[in-house]
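Secondary and tertiary structure notes
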2 protein chains.
Amino acid sequence: MRFHDCSTAPSPRRVRIFMAEKGISLPTVQVDLKSGEHLEPAFRRLNPWCTVPVLELDDGTCISEAMAVCRFLEEIHPDPPLMGRDAREKGLVAMWEHRCEIDGFLAAAEALRNATPRMKGRALPGPEPYEQIPALAERGRKRVQGFFKALDQRLADSAFLAGDTYTVADITAQVAVDFAGWIKLTIPEALVHARRWHDSVSARPSAGA
Amino acid sequence: MRFHDCSTAPSPRRVRIFMAEKGISLPTVQVDLKSGEHLEPAFRRLNPWCTVPVLELDDGTCISEAMAVCRFLEEIHPDPPLMGRDAREKGLVAMWEHRCEIDGFLAAAEALRNATPRMKGRALPGPEPYEQIPALAERGRKRVQGFFKALDQRLADSAFLAGDTYTVADITAQVAVDFAGWIKLTIPEALVHARRWHDSVSARPSAGA
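Reference entry: report on the structure contained in this document. (Residues numbered from 1 in each chain as written. Chains lettered and ligands numbered in written order. Predicted model: local features only at pLDDT ≥ 70, side-chain atom pairs only at ≥ 80, totals over all residues. Heavy atoms only, no water.)

This part takes up the interface of chain B and chain A. Accessible area lost on assembly of the parts is the figure often given for the size of an interface. Of the residues lining the interface, 39 residues belong to chain B; the matching set on chain A comes to 39 residues. Between chain B and chain A, a total of about 3,500 Å² is buried, with carbon and sulfur atoms accounting for 67% of that surface. When the area that chain B buries against chain A is broken down by residue, the three leading residues are Trp49, Tyr130 and Arg139 of chain B, summing to 18%. Scanning the region where chain B abuts chain A turns up six salt bridges. Here Arg99 of chain B makes a salt bridge to Glu65 of chain A, at a shortest N to O gap of 3.0 Å. Run the count over chain B and chain A and you get 12 residue pairs in polar contact (both at pLDDT 80 or more). A per-element tally of the side of chain B that touches chain A places helix H4 (residues 87-113) of chain B first, with 14 residues. (Contact = heavy atoms within 4.5 Å. Buried area = accessible area lost by both parts, 1.4 Å probe. Salt bridge = Lys/Arg side-chain N within 4 Å of Asp/Glu carboxyl O. Polar contact = N/O pair within 3.5 Å; in protein donor to acceptor, adjacent residues only side chain to side chain. Helix = DSSP H or I, 4+ residues; strand = E, 2+ residues; numbered from the N terminus.)

Right, let's get into empty space enclosed by the protein. Within the structure shown, the criterion is met by three cavities of 30 Å³ or more. Of the pockets and cavities examined, the largest cavity occupies roughly 410 Å³. Here the element with the most residues in the lining of the largest cavity is H4 of chain B; it accounts for six residues. Considering only residue class, the lining of the largest cavity consists of 12 nonpolar, two polar and seven charged. Lining the second largest cavity, in full, are Trp96, Arg99, Cys100, Asp103, Phe147, Ala150 and Leu151 of chain A together with Trp49 of chain B. Of all elements in the fold, only helix H4 (87-113) and helix H5 (134-155) of chain A reach the threshold of two or more residues within the lining of the second largest cavity. Each residue belonging to the lining of the second largest cavity can be placed in one class, and the counts come to six nonpolar, no polar and two charged. (1 Å grid on protein atoms, 1.4 Å probe; cavity = no way out; pocket = protein on both sides within 12 Å on 5 of 7 lines; lining within 4 Å. Points joined across faces, edges and corners; volume = space filled by probe spheres on them. Nonpolar A, V, L, I, M, F, W, Y, C, P; charged D, E, K, R; others polar.)

Structure, rendered in structure tokens:
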């Protein structure tokens, strides 16, 4: 198995943290997003959507999309469980993970990609060029601020997003919060529950991944 | 258990089809999205994101987000498996499902919500009002057309999206294609593989869900 990564990119970081929590170490190939290596034919054969991460299995099968890679790894390396232990918890983890991806991760990406000069014509990941939409950058920033508040409300009642234990939902939320830092948005001081949680997940050894 | 649904909405339709394939029938509550019932306090207590579907468990736990509801149901009612049978297939199903959601389902939603007069101020689902962005409606339409092509390329090599068997990835893609019909986008005649697949999934009894 080989893990196709880009050490500076937030999406594969979700999988890197997931692997660090499980103690999984894989041969890793760095994909140079800056030079556009992900848009070249060699990488496109692995992943037509031109995104990292990609997990290349020994039979040549390629699994892309961060959560799909995590799903595969959870199955072959179930301990510690990061996607829930029973049906109820699996549902709650999937629910929180998905909301944090949509409201946090994708909102931050929207804000960044629609405003950064070096991302002109790259407002969406993938092979097709998409022009920036300034109103979307603005909307993304507003959504990230709403995401911080939603985190705080949830974490007022719960140690972690899906319940008492750390799961992949916390990973997506953590990476989304750190990614929002790229556009200079941080959890406001007043949101003490979200800050407590962010300090806690950031203190785990996996946070360096 | 109670299923909070809206019989005309595409997102809960994903779960309705999933349940029909498994032969699951649940007490169902219809939520009137037209009158804004999903934005009222009673519904917000079930789901602060104000979206359907929601599965309310007997202990009061509420699971929202279509794929999270499917994940729960897959665990308590594993046959027939719709989210993959082994690690590799589970990874591939999650990968295709996620891409079809982002490129198909969300793109169609983007196109619809940013252009329809009755959705002014409702460009995103959820409790917060968001103004329409006309450029985003345009981009959504372009993305849906790319989604049709990507489906066709994949289905030239494979009976179903994740491989030889029908899975939840096909459900999300099917609902996305039908949802795109709301904005008058249909799979072009020339994309014979995507059309063959769509005819095939539409002929299943679950398609009426």
